[in-house]
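Summary of structural features
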Amino acid sequence: MRIDIVTIFPRMFDPFLAEGIIARGVKQGVLDVRVWNLRDFASDRHRSTDDEAYGGGPGMVMLAEPVLRAVDAIREGEGSPHIVLTSPQGRVFDQRVARELAATGWIVILCGRYEGFDHRVHEALDPDEISIGDFVVSGGELPAMVIADAVGRMIEGVVGNAGSVEEDSFFRGLLDYPHYTRPEELRGMRVPEVLLSGHHENIRRWRKEQSLRRTLEKRPDLLERADLDEEAKQILRQLENEKRTR
Ligand code: SAH
């Protein structure tokens, strides 16, 4: 998986790329993350990447030309990456979108600042506009890290234990079950007995039920779109009955 990031603050990505799961993916060669300094594509002496807005008003606007040049340089002779433009006006990012992006094999993420990009960036590139949620942050760098992390961990070999990705919240459209580690008893709170039993089938079933129970309690909206097998549907009916009789 290749991920190119275009930003005026490339150093913000140093710590992100130096530690943790994504750093390991890069070291192992399954992730190829390249950070580009937008200023290197500016055309004036001052290396400007923004200017005042036509029509007036507060706030600067990111120049289109440096962004288009950066994308040209990234694409040069190498094919057609999927262009992602970070924006609070985009479709809202979730696990499904992450999977979609992972499947493209190559994404370029454009990080805005100030009021965002000159609209002609949209006209020229027709990018996949992506928002990380209904709030505004000051730049596209944090959203780019969120996207790169969620997409990167889906690539085979990035997360040490592939099973742990498959059991993450949202992987099958459900929330994750609760986790426990040592000690068995902490300030009077005991680890659920079934987890200490060594009975794999009971543990599997308990976790599945917990996952469904949590989703039903915290995010019932997810159940409508979740991909449930027969066992899950049966557990869910049971939980709903329980709720009704309580
Ligand atoms: N005036 C713009 C917001 C600009 S915020 C508007 O209201 O649409 C500056 C930059 O931060 C954006 O260009 C984008 O790259 C990034 N950004 C801010 N909030 C974001 C969000 N929720 N999701 C993704 N990117 C965001």
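Everything in this summary refers to the structure shown in the same document. (Residues numbered from 1 in each chain as written. Predicted model: local features only at pLDDT ≥ 70, side-chain atom pairs only at ≥ 80, totals over all residues. Heavy atoms only, no water.)

Thoughts on the nonpolar core
- Within the largest apolar cluster, 27 residues are counted, with the highest numbers of intra-cluster contacts made by F93, L101 and I147.
- With six residues, helix α6 (residues 141-152) is the single largest residue contributor to this core.
- In contact with I147, not counting residues within four places along its chain, are V84, T86, F93, L101, I107, I109, I130 and I132. (Core = buried A, V, L, I, M, F, W, Y, C linked by side-chain atoms within 4.5 Å. Buried < 20%, exposed > 50% of the residue type's maximum accessible area, 1.4 Å probe, protein only. Helix = DSSP H or I, 4+ residues; strand = E, 2+ residues; numbered from the N terminus. Contact = heavy atoms within 4.5 Å.)

Quick notes on the packing of helix α9 (residues 200-218) against helix α11 (residues 230-245)
- Interaxial distance between α9 and α11 falls to 10 Å at its minimum, and their mutual angle equals 55°. Taken together, the axis directions place α9 and α11 in an arrangement best described as oblique. In this structure, α9 meets α11 at a crossing whose hand is right-handed. Only E231, A232, Q234, I235, L236, Q238, L239, E240, E242 and K243 of α11 make contact with α9, whose side of the interface consists of R204, R205, K208, E209, L212, R213 and L216.
- A breakdown of the residues in the contact of α9 with α11 according to their chemical character gives six nonpolar, two polar and nine charged. (Axes fitted to C-alpha atoms, helices over the stretch in contact; angles between N-to-C directions. Parallel < 35°, antiparallel > 145°, perpendicular 65-115°, else oblique. Left-handed = near helix turned anticlockwise from the far one by under 90°. Nonpolar A, V, L, I, M, F, W, Y, C, P; charged D, E, K, R; others polar.)

Concerning the packing of aromatic side chains
- Taken as a whole and judged by the stated rule, the model has one aromatic pair.
- Relative to F41, the ring of W36 lies with its centre 6.1 Å away and its plane at 45°, an arrangement referred to as tilted.
- Residue classification places F41 among the buried positions, given a relative accessible area of 13%. (Phe/Tyr/Trp six-rings, centres within 6.5 Å; stacked < 30°, edge-to-face > 60°.)

Some details on the pairing of strand β6 (residues 106-110)
- Burial within β6 is extensive, with five of its five residues counted as buried.
- Side chains W106, V108 and L110 project from β6 onto one buried face, and the interleaved I107 and I109 project onto a second face that is buried too.
- With five bridges joining them, strand β1 (residues 2-7) and β6 adopt parallel strand pairing. Of the residues in β6, the one forming a bridge with I3 is I107.
- Crossover connection from strand β5 (residues 82-92) via helix α4 (residues 95-104) to parallel β6: handedness right-handed. (Pairing = 2+ DSSP bridges. Right-handed = clockwise from strand over helix to strand, strands pointing away.)

Quick notes on the pattern of salt bridges
- The full count for this structure, using the stated rule, is 23 salt bridges.
- Linking E230 and K233 is a salt bridge whose minimum nitrogen-to-oxygen distance equals 3.8 Å. Taken together, the residues E230 and K233, both in helix α11 and three residues apart, mark about one turn of the helix.
- Under the relative-accessibility criterion, K233 is labelled partly exposed at 37%.
- Salt bridges linked by common partners bring E201, R204, R205, K208, D229 and E231 together as one network. (Salt bridge = Lys/Arg side-chain N within 4 Å of Asp/Glu carboxyl O.)

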